[in-house]
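For reference, the chains in residue letters:
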Amino acid sequence: MDIQGLNVDLHCHSTVSDGWLSPEEVVGRAHRNGADLLALTDHDELGGLAAAGATAAALGLGFVPGVEISVSFAGETIHIVGLGIDPANAALRGGLQQVRSGRDARARVMAEELARVGIRGALEGARRFARNPNLVGRAHFARHMVAIGLMPDVKTVFDHYLVRGKPGFVEHEWAVLEDAVGWIRAAGGVAVVAHPARYRLSSANMQRLFERFVAAGGEAVEVVSGAHNDDETRRFAHTARVHGLLASRASDFHGDTESPVDVGRCPPLPPDLVPVWSRLIPS
Ligand code: AMP
Ligand code: MN
Ligand code: MN
Ligand code: MN
């Protein structure tokens, strides 16, 4: 089969992190949208993979177990996707457990910061949107702030709150880049830099990110992402060529109203790039 021509989506979320749909629902939606191969990549969590994999098998949809790991790098939060990981791997499980463990305290401080600008009850509100109590994140706070009529939509919340310099932002130490790549590799997976255009890094730090990522054994970059426009896709296609990285194609779908690209509806990769799924499916 022509693997370039497959409909592939290697990044999406379920209710196990900050997606709106259950693992079964997001797999079903990808299938209806014509996907041939899908990875579920919840933030710092593996809890949806068994259900998603079973649903995909029943539908005849190719499934790649994945995860999206939160990393701190040069004062920014960076996301590293792991694809084709073994969800039973102890190093990966232990690492993710450690990454998740700070979320509860962070959520409490976020709520305190929001209370200082007059937004009370945000922790309880965010928790109502979080199906997984171990994974309360900014998206859940944002949804609560939309629900109470403070802001028209989640995107507008992030223009005014929850980001550096705005109320409700809390500095947090996530994983170290080399550790995250190491856990993914220990679990037999391929590490991918997620949505690189979204990071506010100087060009020197962006260069360092890719150098350290490659030195740690990272192998791929999201060139096509629901978070990239066409210029950004071209820019990171160049990065893939320069660093000899495999290219990924990813919606980063969270739900109907929050994602510009639906799951299973990603544009194709630039044709000269080597797709990361060449490493994920037996030829
Ligand atoms: P957290 O891991 O709790 O810091 O939350 C990160 C998540 O917040 C991302 O994966 C997105 O789901 C959401 N998010 C962050 N920034 C934005 C933004 N500008 N617009 C919409 N969602 C965002
Ligand atoms: Mn998210
Ligand atoms: Mn991300
Ligand atoms: Mn994501």
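Just so it is clear, the model here is predicted, and its values are computed rather than measured. Here the residue numbering is sequential within each chain, running from 1 through the sequence in written order. Chains carry letters from A onward and ligands carry numbers from 1 onward, assigned in written order. Local features in this predicted model are restricted to residues of pLDDT 70 or higher, and side-chain atom pairs are both shown and tallied only at a pLDDT of 80 or more, whereas totals for entire chains, interfaces and linings draw on every residue. As a rule here, side-chain values cover all heavy atoms of the structure and leave hydrogens and water aside.

Enquirer: Any chance you could break down the coordination of the manganese ion (ligand 4) for me, citing the residues and the numbers?
Expert: Ligation of the manganese ion (ligand 4) by protein atoms is provided by His-11 (NE2), His-13 (NE2), Glu-68 (OE) and Asp-252 (OD), these donors lying 2.1 to 2.2 Å from the ion. In primary sequence terms, the donor set of the manganese ion (ligand 4) follows H-x1-H-x54-E-x183-D. Taken as an interatomic distance, the gap from the manganese ion (ligand 4) to the manganese ion (ligand 2) is 4.7 Å. Separated by 57 residues along the polypeptide, His-11 in the loop between β1 (8-9) and α1 (23-32) and Glu-68 in strand β3 (residues 62-73) bring together distant segments of the chain. Glu-68 shares its class with His-11; the two are buried. Donor atoms are limited to N, O and S found within 2.8 Å of the metal ion, a distance that becomes 3.2 Å for Na, K and Ca. With water left out, some sites might look partial. Runs of H or I in DSSP of at least four residues are treated as helices and runs of E of at least two as strands, each being numbered from the N terminus. A simple rule labels every residue: compare its accessible area, found with a 1.4 Å probe on the protein chains alone, to the largest value its type can have, and call it buried under 20%, exposed over 50%, or partly exposed in between.

Enquirer: I'd like a rundown of the sheet that holds strand β5 (residues 190-193), residues and numbers included.
Expert: Two strands pair under a simple rule: DSSP has to find at least two bridges between them. Taken in spatial order, the seven strands of this open sheet run β1-β2-β3-β4-β5-β6-β7, and their pairing is mixed. Each edge of the sheet is formed by a strand with only one pairing partner; in this case those strands are β1 and β7 (246-250). For β5 and strand β6 (residues 220-225), the ladder comprises two bridges, and the chain directions are parallel. Note that in β6 the partner of Val-193 across the bridge is Val-221. Contacts between residues were defined by any pair of non-hydrogen atoms, one from each residue, lying within 4.5 Å. Between N-to-C directions, angles cover 0 to 180 degrees, with each direction set by a line fitted to C-alpha atoms, over the stretch in contact for helices. Against the sheet, helix α2 (residues 49-59) contacts β2 (37-40) and β3, and its axis sits at roughly 150° relative to β3. Its contacts with the sheet put helix α8 (residues 177-186) on β3, β4 (76-83) and β5, and the angle it makes with β3 is roughly 160°.

Enquirer: Describe the pattern of salt bridges, with residues and values.
Expert: A side chain with one charge may pair with a side chain of the opposite charge, provided their charged atoms come close. A side-chain nitrogen of Lys or Arg and a carboxyl oxygen of Asp or Glu constitute a salt bridge if their distance falls within 4 Å. Scanning the model with the defined rule gives 17 salt bridges in all. Between Asp-262 and Arg-29 there is a salt bridge, with its nearest N and O atoms 2.8 Å apart. Of this pair, Asp-262 sits in the segment after β7 while Arg-29 sits in helix α1, placing them 233 residues apart in sequence. Taking the shortest distance from any N to any O, the salt bridge between Arg-185 and Glu-219 comes out at 3.9 Å.

Enquirer: So what about the pairing of β4? Which residues, and what values?
Expert: Counted residue by residue, β4 has seven buried out of eight residues, so it is predominantly covered. Pairing geometry for β3 and β4, over eight bridges, is antiparallel. The residue of β4 that forms the bridge with Glu-68 is Val-81. Hairpin connection from β3 to β4: two residues lie between these consecutive antiparallel strands, with Ala-74 at a positive phi of about 50°. The pairing of β4 with β5 spans four bridges and is antiparallel. For Val-81, the partnering residue across the bridge sits in β5 and is Val-192.

Enquirer: Which residues make up the site of ligand 1, and what values go with them?
Expert: We call a residue near a molecule or strand when any one of its heavy atoms sits within 4 Å of it. As a matter of local geometry, ligand 1 sits amid Asp-18, His-43, Arg-103, Arg-106, Gly-137, Arg-138, Phe-158 and His-254. Two N or O atoms form a polar contact when they lie within 3.5 Å of each other; inside protein one atom must be a possible hydrogen donor and the other a possible acceptor, and for residues adjacent in sequence the pair counts only when both atoms belong to side chains. Side-chain polar atom of Arg-106 to an oxygen atom of ligand 1: 2.7 Å apart, as the coordinates give it. Contact between ligand 1 and Arg-138: an oxygen atom at 2.8 Å from a side-chain N or O atom of the residue. Residues were grouped as follows: Ala, Val, Leu, Ile, Met, Phe, Trp, Tyr, Cys and Pro as nonpolar; Asp, Glu, Lys and Arg as charged; and all remaining residues, including Gly, as polar. Across the shell around ligand 1, the residue classes break down as one nonpolar, three polar and four charged. Taken domain by domain, the makeup of the shell around ligand 1 includes at least three residues from each of domain 1 (8-100 + 176-279) and domain 2 (104-162). The domain limits used here are those given by an automatic or database domain assignment.

Purely geometric stuff here, so don't read any function into it on its own.
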